[in-house]
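Now for the letters of each chain:
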Amino acid sequence: MTADSDHPSASDRSAHPETAAIHTGLGFKGDTGAVIPPVYMTSTFAHGNPEGFDYTRSGNPNFRNLGEQLAILEKAAHAQVFASGVSAITAVISTLKSGDLVLAEENVYGCTYRMLAQVFEKFGVRTRYVDFTDRANWELIEELDPALVWIESPTNPLLKIIDIQGIAEVAKGTNASLVVDNTFASSILQHPLELGADLTLISTTKYTNGHSDCLGGAVCTNSDEWNEKMIFAQKALGLQPSPFDSWLVARGARTEALRVQRHSENALALATFLENEAGLPLVRYPFLESHPQHALAKQQMSAGGGIIVADLGRSVEGTVAFLKKLEYFTMAESLGGIESLVCHPASMTHASVPREVREQVGITDSLVRFSVGIEHIDDLIADVREALAATADA
Ligand SMILES: *Cc1c(COP(=O)(O)O)cnc(C)c1O
């Protein structure tokens, strides 16, 4: 069976992302007339097939279809898919050798930090963490000669905005490749490769799939050399996704633009409520004027995304009482799904970090992170308003 000749090509860049996400990645339907391609649940392929498939660890029609969609959404020449965001991170870091340095933003995702510290450090890969909102630290890219510069924007959980284009310009003249973990912003709202990054990495578990029913990851690039390294890592390290999960993520990608728009509208409305009407001591959202890097956020993102961080200004008990009272926000880690979630970093994601260290980086006992879903905004605001009122004296 060959790829259908009548599906729009991945290199057709004239369509808008809303259109392209629906009309690409539709290969391998054969002559069945199926509107959506099937799941190729096969471990191996007959030798000499026209598409050159051999074994699913190194390629499958569902990976190729999803890769085409993700390349379009991330505005990249290439996209390789992995079993999870962490697998995608493994693929990139595995390209390093002993003695190489990773210069990373100090608020990188916890799993990235853990992998660098507890896995790759043993193999001689060094890491240094800096605050990339401070421009003085950009000079370290020239001074320290890192192999990779690793940033994320917005960061977790405090939603710092990092200047991707500014850092890309400094990195350009050096040996360093700039990696941007684009998971929080999503492929819809921010395009790191257009801003000069070498690699953009996404946990497709979050906004791309969007339905909280599987894990996935991807690395996108315009560099043929980096793309070859990612293909190699996929098969050599066994980082490939399942065909079924790839099919699920591909289905999610077709509605990502629509969902992310609603996530962003809802989050802006809820953030405005929390700041003005509820009067919380701290509300951080990239598209609120009170955000310290609001202008930069507006420059590099087309909307604010679905994540809000707020400090309730209460005791731990009062904070937990509020979280338990919420009806539509489930207390859970993760983000980017259609359903609203809420997370309490002090007792959940950052519980293992000592309180003094947590407070130094701004993670107070009453800090909460909302992943705002696509429910009706009036229901979400009413839920938060009632939970705040009902637990005011807790
Ligand atoms: C979730 C996440 C990851 C890890 O992705 P998994 O799919 O959970 O392995 C990496 N980076 C960021 C920013 C994330 O939010």
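Residues numbered from 1 in each chain as written. Predicted model: local features only at pLDDT ≥ 70, side-chain atom pairs only at ≥ 80, totals over all residues. Heavy atoms only, no water.

Participant: Just to check I follow, could you spell out the domain arrangement of the protein chain for this structure?
Facilitator: Interface size is often expressed as the accessible area that is lost when the parts come together. In terms of domain boundaries, the protein chain breaks down into domain 1 (17-253) and domain 2 (257-390). Its C-alpha centre places domain 1 at a distance of 26 Å from the equivalent point of domain 2. If you look at the interface, domain 1 gives 30 residues, while domain 2 gives 35 residues. Carbon and sulfur atoms make up 63% of the surface buried where domain 1 meets domain 2, a total of about 2600 Å² over both sides. Linking domain 1 to domain 2 there are 0 salt bridges. Summed over the shared surface of domain 1 and domain 2, the result is 13 residue pairs in polar contact (both at pLDDT 80 or more). The residue makeup of the side of domain 1 that touches domain 2, split by class, is 14 nonpolar, 12 polar and 4 charged. (Domains from an automatic or database assignment. Contact = heavy atoms within 4.5 Å. Buried area = accessible area lost by both parts, 1.4 Å probe. Salt bridge = Lys/Arg side-chain N within 4 Å of Asp/Glu carboxyl O. Polar contact = N/O pair within 3.5 Å; in protein donor to acceptor, adjacent residues only side chain to side chain. Nonpolar A, V, L, I, M, F, W, Y, C, P; charged D, E, K, R; others polar.)

Participant: Explanation requested: the sheet that holds strand β11 (residues 341-343) in the structure shown.
Facilitator: Strand order across the open sheet formed by 5 strands is β8-β9-β12-β11-β10, with mixed pairing between neighbours. Looking at strand neighbours, the two that pair on one side only are β8 (282-284) and β10 (330-331), the edges of this open sheet. As paired strands, β11 and strand β12 (residues 367-371) are joined by 3 bridges and run antiparallel to one another. When the sheet's bridge partners are listed, C343 is paired in β12 with R369. (Pairing = 2+ DSSP bridges. Helix = DSSP H or I, 4+ residues; strand = E, 2+ residues; numbered from the N terminus.)

Participant: For this particular structure, what's the right way to read the site of the ligand?
Facilitator: As a structural note, the neighbourhood of the ligand is formed by 13 residues, with G85, D181, S203, T205 and K206 the closest of them. Between the ligand and V86, the relevant distance is 2.9 Å, taken from an oxygen atom to a main-chain nitrogen or oxygen of the residue. Between the ligand and K206, the relevant distance is 2.8 Å, taken from an oxygen atom to a side-chain nitrogen or oxygen of the residue. In the complex, 94% of the free accessible area of the ligand, which totals 380 Å², lies under the protein chains. For the shell around the ligand, the element with the highest residue contribution is helix α3 (residues 85-93), accounting for 3 residues. Split into classes, the residues belonging to the shell around the ligand amount to 4 nonpolar, 6 polar and 3 charged. (Near = heavy atom within 4 Å. Areas by Shrake-Rupley, 256 points an atom, 1.4 Å probe, with all protein chains shown as cover.)

Participant: Is there a simple way to explain the packing of helix α2 (residues 61-74) against helix α8 (residues 243-253) in this structure?
Facilitator: When two helices pack together, their arrangement is given by the angle between the helix axes and by the axis-to-axis distance. Look at α2 against α8: their axes get within 9 Å of each other, and the N-to-C directions meet at 30 degrees. Judged on the interaxial angle alone, α8 and α2 are roughly parallel. Remark: the crossing between α2 and α8 carries left-handed chirality. Of the residues in α8, those touching α2 at N62, F63, L66, Q69 and L73 are P243, S246, W247, V249, A250 and A253. Tallied by class, the residues present in the contact of α2 with α8 amount to 8 nonpolar, 3 polar and no charged. (Axes fitted to C-alpha atoms, helices over the stretch in contact; angles between N-to-C directions. Parallel < 35°, antiparallel > 145°, perpendicular 65-115°, else oblique. Left-handed = near helix turned anticlockwise from the far one by under 90°.)

Participant: I'm lost on the pattern of salt bridges in this one. Help?
Facilitator: Two side chains carrying opposite charge are able to pair once their charged atoms lie near each other. What the rule picks out here adds up to 9 salt bridges. For D365, the salt bridge goes to R358, with nearest N and O atoms at 3.3 Å. Like R358, D365 is buried. Via salt bridges that share partners, E105, E106, D131 and K160 belong to a single interconnected network. (Buried < 20%, exposed > 50% of the residue type's maximum accessible area, 1.4 Å probe, protein only.)

Participant: Looking at this structure, how should I read α8?
Facilitator: Given 3.6 residues per helical turn, the α-helix brings residues three or four places apart onto the same face. Those residues of α8 not exposed but buried are P243, S246, L248, V249, A250, G252 and A253. Contacts made by the buried residues of α8 are with α1 (17-23), α2 and α9 (256-277).

Participant: Which parts of the structure should I look at to understand the UniProt feature "modified residue: N6-(pyridoxal phosphate)lysine" (unreviewed entry) in the protein chain?
Facilitator: The feature "modified residue: N6-(pyridoxal phosphate)lysine" (unreviewed entry), as given by UniProt, occupies K206 in the numbering adopted here. Structurally, the position occupied by K206 is in the loop between β6 (199-203) and β7 (217-221). The contacts of K206, once residues within four sequence positions are left out, are Y109, T183, S334, L335 and G336. (UniProt positions renumbered as here; feature names shortened; annotations may be inferred.)

Participant: When you look at the sheet that holds strand β5 (residues 177-181) in this model, what are you seeing that I'm missing?
Facilitator: As summarised here, the arrangement of the 7 strands in space is β1-β7-β6-β5-β4-β2-β3, forming an open sheet in which the pairing is mixed. Both edges of this open sheet fall to β1 (78-82) and β3 (126-130), since each of them pairs with a single strand only. The mean angle between the axes of side-by-side strands here comes to 20 degrees, regardless of whether they run parallel or antiparallel. Bridge analysis of strand β2 (residues 101-105) against β3 gives 5 bridges, and the strand direction is parallel. Bridge pairing in β3 places L103 opposite R128.

Participant: What's the story with the packing of aromatic side chains in this structure? I'm lost.
Facilitator: For any pair of aromatic rings, the description consists of the separation of the ring centres together with the inter-plane angle of the planes. Enumeration over the complete set of coordinates arrives at 7 aromatic pairs. Ring geometry for F329 and F370: centres 5.5 Å apart, planes at 75 degrees, overall edge-to-face. Residue F329 is located in the loop between α11 (316-325) and β10, and its partner F370 is located in strand β12; the two are separated by 41 residues in the primary sequence. F329 gets classed as buried once you look at its relative accessible area, which sits at 2%. Grouped by ring-pair contacts, the aromatic residues F28, F45 and F53 constitute a single cluster. Here K229 stacks its cationic end above the ring of W226, 4.5 Å away from the centre of that ring. (Phe/Tyr/Trp six-rings, centres within 6.5 Å; stacked < 30°, edge-to-face > 60°. Lys NZ or Arg CZ within 6 Å of the ring centre and 35° of its normal.)

Participant: What exactly am I supposed to notice about the confidence of the model for the protein chain here?
Facilitator: Any segment with low pLDDT has predicted coordinates that should not be analysed in fine detail. For the protein chain, the average pLDDT comes to 95, and 97% of its residues sit at 70 or higher. Segment residues 1-8: pLDDT under 50, and 20 contacts once partners within four positions in sequence are set aside and those in other chains are kept. (pLDDT = per-residue confidence, 0-100.)

Participant: It is not clear to me how the side chain of D181 should be interpreted in this structure. Could you clarify?
Facilitator: Along the polypeptide, D181 turns up in strand β5. One buried charged side chain, D181, makes no salt bridge at all; its nearest oppositely charged neighbour is K206, positioned 7.5 Å away. Side-chain polar atoms of D181 contact the side chain of T183, separated by 2.7 Å. The contacts of D181, once residues within four sequence positions are left out, are W150, I151, E152, S153 and L201. (Lys, Arg positive; Asp, Glu negative; His and termini not counted.)

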